[in-house]
Amino acid sequence: METQLDPMKDDLPLMANTSHMLVKHYILDLDVDFKSKVIEGIIVLFFETGSRYKKTSNTGQEGCQSQCDETCKIRASEPCHIPGTNVSACSSKTECNDFAVCGKGEEDTSDKNGNHSNKEQASGISNSKNCCDIENHGNKDFLLVLDCCDLSVLKVEEVDVAAVSGIEKFTRSAKLTGVSKELESLRNQIVHELVTLPADRWKEQLYYFTCCSQAPGCGELLFTTGTWSLEIRKSGIQTPTDFPHAIRIWYKTKPEGRSVTWTTDQSGRPCVYTMGSPINNRALFPCQEPPVALSTWQASVRTAAGFVVLMSGENSAEPVQLQEGILSWYYYVTMPMPASTFTIAVGCWQEVKQQSFMATAQTNTAFSLVPSQDDCRWHEEICRHVEYPCRFQNPAARLQAVIPYRVFAPWCLMERCKERLLQLIPQCLSAAYITLGTHPFSRLDVLIVPSNFSSLGMASPHIIFLSQSVLPGGSHLCGTRLCHEIAHAWFGLAIGARDWTEEWLSEGFATFLEDVFWARAQQLSHDEVKGQQELKALLRWRRLRDEVQNSEEELQVLRPKKESTGELSESGASIVKHGLKAEKIFMQVHYLKGYFLLRSLARIIGEASYLASLRKFVHKFHGQLVLSQDFLCMLLEDIPEQKQSGLTVESIFQNWLDTSGIPKPLLEEGETWKECQLVQQVSGEVTKWIQTNQRIRKSSKKKRKQDEVVFQK
């Protein structure tokens, strides 16, 4: 497969060899410089041995050689030379003081919303030398490949986690009995113990991750950078099992890097944010991009006073002043997520103040939900995802219809947000809770992003970006877009696509659910809901028809890899088919065809039964990656009678997911929406506007007053 990873093609390469080593946690320590438009700092990565080597580590040389041979075929890299740096060195026995996480048995200074106000300890390195000469290493050395683009990598080193004060508790574990006490093996075993701590010890885990990230280095690693990757090796190490499982990377972003955009907000103040680039976050930090690399992270970001740092973190960060004019912001995440979901926005954002959270929640008691017997039964089941502090198993979280939320915007848009956005958020959150149950994330920030944002909205864990375009006019556009992005908390984030080419699993579900959420947020009658949704269906059908007529057929297929969807190479590398194709950014086929498929299934099954199946799917698959067949198989298992009518997974693939154009079942339905009363009413108004506009163009100003027409609101 790797021979197809040509950076000049339209496919996006995912280069990381996740089958050999899998990142479990990132710690970022960054400085944001608006003068140079550069983000600079350190990232520490903690790994586990990949699935292909856990059971076959003793046969490492053979397996690793095939990986090296395989990688050499696809990489186009060149040696990278390191400039000297001069930063104070860490002590030989590192202690972690005054950091913004709490170890076991220590006082937790966070409030109920996760706010922290702690100081941090800076980390540093000794002078470095040029260690990038790769001529001396043998061909059999194991090669760690990370996804990386538009970054200046300055230095890579192994971290001496064994030097951390108090880390001895991990070396006394029963699991280590009989294991060699050789220092390299001991370090990797410590990392293994740390990344596999039980979920109820998450504070202790974050504390020791932080301490390890500040530990001294114990040897620089060889590395090369290519167009799409960073390749790291340690001389003489031939297997992933023996490769360092904690590494530290010094790097800088480039002003032209495609993962973030440097711009000014609507008030003319500088800002930088991740805007949903097709290359994701690989130009923000070296990472493993494939969805299978589910990881947690911590991030400390320093910037000039006056700037606010918002991030996809579980805590509502409070700034800490490090020195005059410099503030530090700290965020963390304990739910493993793909690196592509990491989001940051730094700017002179103003918080749009609101009523107290309790007062806001009390005004929405009409939305309170008593869990059904099925919901209670599902909650009693053990979650199927990797272990983390899951809200679906938290009794208090299961009763939380409106999670804590904040709104940020440039100064000039604050009044519009007060008028429009603040009152809509609790309504939309409550409607989502009624429909799907427990909110997967504990809090929500909503940011009105700069005017260069190319979409109406973008959802990430704990934060939603909204375009200023949703604020004017009535509440409909703002409400529906907010509902769409809130829906992504369940579909796209808590449940992710195992293969990124199956975008419909995120966008199709969010488009379908935005109608359900918004109807409930407005508390419409049954007839009003039906009219509104049929009008939307007609507009979406026309949009899909136009897009199908004016786009390449291969871009219209929701499952372009068909039977090979979800397959990886031996190393774990893969491609996102058409991921870099320019036209794809503007297409909505995954939204629209996905929406119509789900709408069709809801009509066949019945809305109540269908929404119950969605809740079951959420409880069964949250915290996991899925393929189309995971959803379809579960749905059809609940309605076995549909198989008699020919509704099967295979028929859905054939009619909806694996073919271009408008699906046959949809062609038959396309004309029925015109009979809807609301559709006819809107059509009449549109005709009136067109005719009036034509008359205005032809007539004089005097005549125009005589022909004034009364329009409906």
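Being a predicted model, the structure only gives us computed values, none of them experimental.

Calculation rules
Residues numbered from 1 in each chain as written. Predicted model: local features only at pLDDT ≥ 70, side-chain atom pairs only at ≥ 80, totals over all residues. Heavy atoms only, no water. Helix = DSSP H or I, 4+ residues; strand = E, 2+ residues; numbered from the N terminus. Buried < 20%, exposed > 50% of the residue type's maximum accessible area, 1.4 Å probe, protein only. Contact = heavy atoms within 4.5 Å. Areas by Shrake-Rupley, 256 points an atom, 1.4 Å probe, with all protein chains shown as cover. Polar contact = N/O pair within 3.5 Å; in protein donor to acceptor, adjacent residues only side chain to side chain. Core = buried A, V, L, I, M, F, W, Y, C linked by side-chain atoms within 4.5 Å. Axes fitted to C-alpha atoms, helices over the stretch in contact; angles between N-to-C directions. Parallel < 35°, antiparallel > 145°, perpendicular 65-115°, else oblique. Left-handed = near helix turned anticlockwise from the far one by under 90°. Nonpolar A, V, L, I, M, F, W, Y, C, P; charged D, E, K, R; others polar. Pairing = 2+ DSSP bridges. Phe/Tyr/Trp six-rings, centres within 6.5 Å; stacked < 30°, edge-to-face > 60°. Lys NZ or Arg CZ within 6 Å of the ring centre and 35° of its normal. pLDDT = per-residue confidence, 0-100. Salt bridge = Lys/Arg side-chain N within 4 Å of Asp/Glu carboxyl O.

A.B. asks: What is the right way to read the overall build of the protein from this model?
C.D. replies: Helix and strand counts for the protein come out as 19 helices and 25 strands. In the protein, which comprises 713 residues, the share counted as buried stands at 57%. Put simply, of all contacts in the protein between residues at least 6 apart along the chain, 78% involve residues at least 24 apart. A total accessible area of about 30800 Å² is found for the protein, and carbon and sulfur atoms account for 48% of it.

A.B. asks: In this structure, what is going on with the side chain of glutamate 514? I would like to understand it.
C.D. replies: You can see glutamate 514 is positioned in helix α11 (residues 504–522). Given the relative accessible area of 8%, glutamate 514 is considered buried. At a separation of 2.8 Å, a polar atom in the side chain of glutamate 514 contacts the side chain of histidine 484. Each residue touching glutamate 514, except ones within four places of it in the same chain, is listed here: Thr480, Cys483, His484, Lys536 and Arg540.

A.B. asks: Help me out: how do you make sense of the nonpolar core in this one?
C.D. replies: Nonpolar side chains in soluble globular proteins generally cluster together in the buried interior. The biggest cluster of nonpolar side chains holds 163 residues, and the ones touching the most others in it are Ile232, Ile249 and Phe631. Each residue touching isoleucine 232, except ones within four places of it in the same chain, is listed here: Phe142, Leu143, Leu144, Leu146, Val156, Leu221, Leu222, Phe223, Phe243, Ile247 and Ile249.

A.B. asks: Explanation requested: the packing of α11 against helix α13 (residues 589–605) in the structure shown.
C.D. replies: Two numbers describe a pair of packed helices, the interaxial angle and the distance between the axes. Between α11 and α13, the shortest axis-to-axis distance is 7 Å and the interhelical angle comes to 60°. Compared by their axis directions, α11 and α13 come out oblique. The way α11 lies across α13 gives a crossing that is right-handed. Every residue of α13 that contacts α11 at Trp504, Glu507, Gly508, Phe509, Thr511, Phe512 and Asp515 is listed here: His590, Tyr591, Gly594, Tyr595, Leu597, Leu598, Arg599 and Ala602. Taken together, the residues that form the contact of α11 with α13 break down as eight nonpolar, four polar and three charged.

A.B. asks: I'm lost on the packing of helix α14 (residues 607–621) against helix α15 (residues 628–638) in this one. Help?
C.D. replies: As a packed pair, α14 and α15 sit with axes 10 Å apart at the nearest point and diverge in direction by 130°. Taken together, the axes of α14 and α15 lie oblique to each other. Pair α14 / α15 crosses with right-handed handedness. In contact with Tyr610, Ser613, Leu614, Lys616, Phe617, Lys620 and Phe621 of α14, α15 contributes Asp630, Phe631, Met634, Leu635 and Asp638. Of the residues belonging to the contact of α14 with α15, the class tally is seven nonpolar, one polar and four charged.

A.B. asks: What am I meant to see in the sheet that holds strand β19 (residues 405–409) here?
C.D. replies: Backbone hydrogen bonds hold the strands of a sheet together, and the pairing may be parallel or antiparallel. An order of β18-β19-β20-β22-β21 is seen for the five strands of this open sheet, with the pairing classed as mixed. For this open sheet the edge positions go to β18 (350–351) and β21 (457–460), each flanked by a neighbour on one side alone. Bridging between β19 and strand β20 (residues 444–448) involves four bridges; their strand directions are parallel. Across the sheet, valine 407 pairs through a bridge with valine 446, a residue of β20. In the packing of helix α9 (residues 414–436) onto the sheet, the strands contacted are β18, β19, β20 and β22 (463–466), and the crossing angle to β19 comes to about 155°. On top of the sheet, helix α10 (residues 476–487) reaches β21 and β22; it is set at about 145° to β22, its chief contact.

A.B. asks: Explain the packing of aromatic side chains to me, please; I cannot follow it from the model alone.
C.D. replies: Under the definition given, this model contains 22 aromatic pairs. Each ring, one from phenylalanine 46 and one from phenylalanine 209, has its centre 4.8 Å from the other, and the planes form 55°; the classification is tilted. In this pair, phenylalanine 46 sits in strand β3 (residues 38–49) while phenylalanine 209 sits in helix α5 (residues 202–213), placing the two residues 163 residues apart along the sequence. Accessibility expressed as a relative area gives 0% for phenylalanine 46, which makes it buried. Between tyrosine 207 and tyrosine 208, the ring centres sit 5.0 Å apart and the planes meet at 85°, which makes this aromatic pair edge-to-face. Side by side, tyrosine 207 and tyrosine 208 carry an identical accessibility label, which is buried. These aromatic residues form a ring-pair network of at least three members: Phe491, Trp504, Phe509, Phe617, Phe621 and Phe631. Above the face of the tryptophan 250 ring, lysine 155 is positioned so that its terminal group lies 4.9 Å from the ring centre. Residue placement shows arginine 540 over the ring face of tyrosine 595; its charged tip is 4.4 Å from the ring centre.

A.B. asks: Just checking my understanding: could you explain the side chain of serine 312 for this structure?
C.D. replies: Here serine 312 shows up in the loop between β14 (308–311) and β15 (320–323). Within the structure, the side chain of serine 312 is placed 3.0 Å from the backbone nitrogen of threonine 343, a separation counted as a polar contact. Setting aside its immediate chain neighbours within four residues, serine 312 contacts Trp297, Val333, Thr341, Phe342, Thr343, Pro461, His462 and Ile463.

A.B. asks: Which parts of the structure should I look at to understand the sheet that holds strand β17 (residues 344–347)?
C.D. replies: Read across the sheet, four strands follow the order β11-β12-β17-β14 without closing on themselves; strand pairing throughout is antiparallel. Two strands bound the open sheet, and with one partner strand each, they are β11 (260–264) and β14. Averaged over all adjacent pairs, the angle separating strand axes in this sheet is 15°, with direction ignored. Relative to β17, strand β12 (residues 270–274) runs antiparallel, the two being bridged by two bridges. Looking at the pairing, valine 272 lines up with valine 346 of β17.

A.B. asks: Where do I start with helix α16 (residues 649–657) in this structure?
C.D. replies: Along α16, the positions that sit buried rather than exposed are Val649, Ser651, Ile652, Phe653, Trp656 and Leu657. Summarising the contacts, the buried residues of α16 are in contact with α11, α13, α15 and α17 (664–669).

A.B. asks: Even after reading the chapter, I still don't get the confidence of the model for the protein, so can you show me in this structure?
C.D. replies: Looking at the protein, pLDDT values average 83 and 79% of them are 70 or higher. This stretch, residues 1–5, has a pLDDT under 50; its non-local contacts, to residues over four places away or in other chains, come to 18 contacts. The low-confidence segment residues 357–371, where pLDDT is below 50, has 21 contacts with residues more than four positions distant or belonging to other chains.

A.B. asks: Just checking my understanding: could you explain the pattern of salt bridges for this structure?
C.D. replies: Should their charged atoms come close, side chains of opposite charge can pair. All chains considered together, the criterion is met by 29 salt bridges. We note a salt bridge from glutamate 485 to arginine 481, for which the minimum N-O separation is 2.9 Å. In this pair, glutamate 485 and arginine 481 both sit in helix α10, four residues apart, roughly one turn of the helix. Summarising the burial analysis for this pair, glutamate 485 and arginine 481 share the class buried. Between lysine 581 and glutamate 552 there is a salt bridge, with its nearest N and O atoms 3.5 Å apart. Of this pair, lysine 581 sits in the loop between β24 (574–576) and α13 while glutamate 552 sits in the loop between α12 (526–549) and β24, placing them 29 residues apart in sequence. Judged by relative accessible area, glutamate 552 falls into the partly exposed class, the value being 32%. Salt bridges sharing common partners tie together Lys155, Glu157, Glu220 and Arg248.

A.B. asks: Help me understand the pairing of strand β6 (residues 151–159) in this model?
C.D. replies: The buried fraction of β6 is high, at eight of nine residues. Looking at chain direction, β6 and strand β10 (residues 246–253) are connected through seven bridges and run antiparallel. The residue of β10 that forms the bridge with valine 153 is tyrosine 251. Pairing geometry for β6 and strand β7 (residues 217–220), over two bridges, is antiparallel.

A.B. asks: Sorry, what's going on with the environment of leucine 429 here?
C.D. replies: Positionally, leucine 429 belongs in helix α9. The spatial distance from the C-alpha of leucine 429 to the C-alpha of phenylalanine 517 is 8.4 Å, given a sequence separation of 88 residues. Once you skip the residues sitting within four places of it in the chain, leucine 429 turns out to touch Ala401, Val402, Ile403, Tyr405, His439, Leu444 and Ile486.

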